[in-house]
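Chains, contacts and geometry: an overview
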Amino acid sequence: MALLEGTGEDHRWSSAGLPPVEALRLWKHRACEAITPMHIEAPDETRFAAHLQNQAVGPLRLVTLEASPQKVVHIGGEQPRHAEASFHLLHFQRSTAPISACVGSQSFSIDA
C-alpha cells in the first residue's frame, strides 16, 4: 500500500509496498499534482520506486522528489495547477545521467 500522510497541502507520499508498475502510475499523478502537468516515462517500469514530500516554507512550496530514472517533459499547452504565475527552481542532488532540457528553441544539458 502506498503511503500518503499529511493534511492540506503538506504531505508525504511513497511507493513503498506497491508493485512497480502501479507505483509509476500513481507517481505520474502525484508529481503532476505537486508541480505542473507533465509527461513522465520510466525506462524500466518493472523497477520503479519513488518518494515525494510537499511542504510549505513560508510563502513558498518545497517539493522534494526522489525517484528511479525517468524522462519528464513539461506539457506546455495545459494550465498550471495554480492560476497565479509561478516558477520552479530545480536542485538536483544526484543523477546517474546528464539532464537535458529544452525551452522553446533553446536547449541545454546539466551534467550532475
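Coordinates for the structure precede this section.
Before going into details, it helps to say that this report is about the structure given with it. (Residues numbered from 1 in each chain as written. Predicted model: local features only at pLDDT ≥ 70, side-chain atom pairs only at ≥ 80, totals over all residues. Heavy atoms only, no water.)

1. Concerning the overall build of the protein chain
Formally: Under the scheme used here, helices are H or I runs from DSSP no shorter than 4 residues and strands are E runs no shorter than 2 residues, and both carry numbers assigned from the N terminus. Only protein chains enter the calculation, and the probe is 1.4 Å; a residue is then buried if its accessible area is under 20% of its type maximum, exposed if over 50%, and partly exposed in between. Residue contacts are defined here by distance: any two heavy atoms, one from each residue, within 4.5 Å place the two residues in contact. Throughout, the Shrake-Rupley method with a 1.4 Å probe supplies accessible areas, and for residues the shown protein chains are the sole cover considered.
Across its full length, the protein chain carries one helix and eight strands. Listing every helix and strand of the protein chain by position from the N terminus yields β-β-α-β-β-β-β-β-β. Across the 112 residues of the protein chain, 21% fall into the buried class. Contacts in the protein chain between residues at least 24 apart in sequence constitute 50% of all its contacts with a sequence separation of at least 6. Here the protein chain displays about 8,300 Å² of accessible surface, and carbon together with sulfur accounts for 56% of that area.

2. Description of the pairing of strand E4 (residues 50–57)
For clarity, the threshold we go by: Strands qualify as paired when DSSP identifies two bridges or more between them.
With four bridges joining them, strand E2 (residues 10–14) and E4 adopt antiparallel strand pairing. Looking across to E4, one finds that Arg12 is bridged to Gln53. Direction of pairing for E4 relative to strand E5 (residues 60–67): antiparallel, over a ladder of eight bridges. Counted as the bridge partner of Ala56 is Arg61 from E5. Hairpin connection between E4 and E5: a loop of two residues separates the two successive antiparallel strands, and Gly58 in this loop has a positive phi of roughly 60°.

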